[in-house]
Amino acid sequence: MWQDQLSGKTIRHVLADAAQRWGDREAMVFENGTLTYRQLEQSSAALARAFLALGIRRADIVAIWMAGYAEWPPLYYALARIGAIMVPVNTRFRADELEYVLRKSKARLLIFRDEKPPKKDYRALLYDVCPEIERGLEKHPSSHLPHLAQVVAIADKPPPGCLSFADLQETGARAPNGALADAEALVQPDDVALLQFTSGTTADPKGAMLYQLAMLRGANYCSVPLRLGEHDRYFSPQPFFHAGGSIKVMMAPIITGCTMVVQAYFDPGEALYFMERYQCNVTMGHQPHYIEYLNHPDLAKRRLCLDRGLIFASP
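To keep things clear, this report deals only with the structure shown in the data block. Quick caveat, the model's predicted, so the values are computed rather than measured.

**Quick word on the sheet that holds strand E12 (residues 282-286)**
Phase 1: Spatially, the 6 strands line up as an open sheet ordered E2-E1-E11-E10-E12-E13, and their pairing is mixed. Each edge of the open sheet carries a strand with a single partner, namely strand E2 (33-36) and strand E13 (308-312). Each adjacent strand pair in this sheet contributes to an overall mean axis angle of 15 degrees, direction not counted.
Phase 2: Alignment of E12 against E13, held across 5 bridges, turns out to be parallel. Note on E13: the bridge partner recorded for methionine 284 is leucine 310.
Phase 3: Sheet strands touched by helix H2 (residues 37-54): strand E1 (26-30) and E2. Its angle to E2, the strand with the most contacts, is close to 90 degrees.
Phase 4: Relative to E12, helix H11 (residues 287-294) is tilted by about 115 degrees, and along the sheet it contacts strand E10 (233-236), E12 and E13.

Put into structure tokens, the structure is as follows:
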């Protein structure tokens with residue numbers, strides 16, 4: 001008989017359960033760092049307090065424009081804990097596409113990662129869209145993006161007009177005692193947690209409203225046929241601006257106890273290396289991912305231990 005073990009739960013509840021069950025086990029592995037379940041719970045709590053100190057509340061919109069790095073999960077879970085709504089922005093966007101999504105979503109806060117060449121120049125694109133940032137949005141609000149009030153830059157040195165990620169983390173100490181618990185108590189399972197923008201192949205992208213319990217169920221029922229468990233190491237090339245990344249990749253660990261290994265930008269040769277290095281026995285991806293693996297010259301020399309996979313493809 002079908003049973004739903006998630007009814008009545010929010011993302012915070014499942015994260016707390018995972019931290020209690022799996023504590024110091026690795027939850028997610030990134031190119032720039034690893035997070036245990038306990039670290040994920042603690043770092044997201046600190047950032048949740050920081051968002052509250054900035055004035056972010058339940059149903060406020062926060063956009064995140066960043067490839068798959070270790071800063072993503074604490075931000076993701078921090079916003080979910082206080083009921084704020086995330087907008088994962090496509091890292092392949094041009095300036096006009098970025099402006100469209102920020103304007104359409106009415107994002108109050110944008111968090112982006114400042115990359116160095118030859119990676120994408122997010123800063124240049126952002127300042128092209130919203131030059132007022134450089135002079136400070138508080139005093140010089142944007143006519144194109146009237147809802148955008150603040151920008152946080154994950155960078156060695158934050159660009160002009162941006163709050164640094166370190167400063168964001170430190171603001172959590174200014175949140176009143178009990179503020180996080182009060183905010184968490186307001187969050188409901190059917191609260192919208194994510195605005196997932198569609199591809200827009202035939203028209204402008206649409207912001208699909210995804211609620212907390214639906215996201216948890218989506219990650220859970222995609223994990224069942226893979227028989228995911230706490231001894232699995234799961235490699236994913238899925239970006240977080242895609243539902244495969246923002247739902248499956250981000251929440252499969254807290255539901256199943258597996259360790260998720262994430263690649264920042266997809267590269268087939270590097271992906272094969274990661275799967276070997278981290279001894280991944282499960283993977284996922286779209287048809288082109290598998291085609292590139294099977295045709296890559298490094299495949300023959302990699303000692304892989306894959307035994308399960310999920311593929312999005314035609315029959």
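**Some details on the pairing of strand E6 (residues 150-154)**
Phase 1: Counting buried residues in E6 gives 4 out of 5 residues, a clear majority hidden from the surface.
Phase 2: Handedness of the strand E5 (residues 109-113)-helix H5 (residues 122-129)-E6 crossover: right-handed.
Phase 3: The pairing of E6 with strand E7 (residues 163-164) spans 2 bridges and is classified as parallel. Along E7, the bridge assignment pairs valine 152 with leucine 163.

**Comments concerning the pattern of salt bridges**
Phase 1: The full count for this structure, using the stated rule, is 18 salt bridges.
Phase 2: When the shortest N-O distance is used, the salt bridge between aspartate 191 and arginine 58 registers 2.9 Å. Remark: arginine 58 occurs in the loop between H2 and strand E3 (61-65) and aspartate 191 occurs in the loop between helix H7 (179-186) and strand E8 (192-197); sequence separation between them is 133 residues.
Phase 3: The class of aspartate 191 is buried, set by a relative accessible area of 11%.
Phase 4: A salt bridge links aspartate 60 to arginine 108; the shortest N-O distance between them is 2.8 Å. Remark: arginine 108 occurs in the loop between helix H4 (95-105) and E5 and aspartate 60 occurs in the loop between H2 and E3; sequence separation between them is 48 residues.
Phase 5: A residue is classified by how much of its surface remains accessible, and arginine 108, at 30% relative accessible area, is partly exposed.
Phase 6: Three or more residues are tied together by salt bridges with common partners; here these are Arg12, Glu41, Arg81 and Glu184.

Conventions we followed
- Residues numbered from 1 in each chain as written.
- Predicted model: local features only at pLDDT ≥ 70, side-chain atom pairs only at ≥ 80, totals over all residues.
- Heavy atoms only, no water.
- Pairing = 2+ DSSP bridges.
- Helix = DSSP H or I, 4+ residues; strand = E, 2+ residues; numbered from the N terminus.
- Axes fitted to C-alpha atoms, helices over the stretch in contact; angles between N-to-C directions.
- Contact = heavy atoms within 4.5 Å.
- Buried < 20%, exposed > 50% of the residue type's maximum accessible area, 1.4 Å probe, protein only.
- Right-handed = clockwise from strand over helix to strand, strands pointing away.
- Salt bridge = Lys/Arg side-chain N within 4 Å of Asp/Glu carboxyl O.

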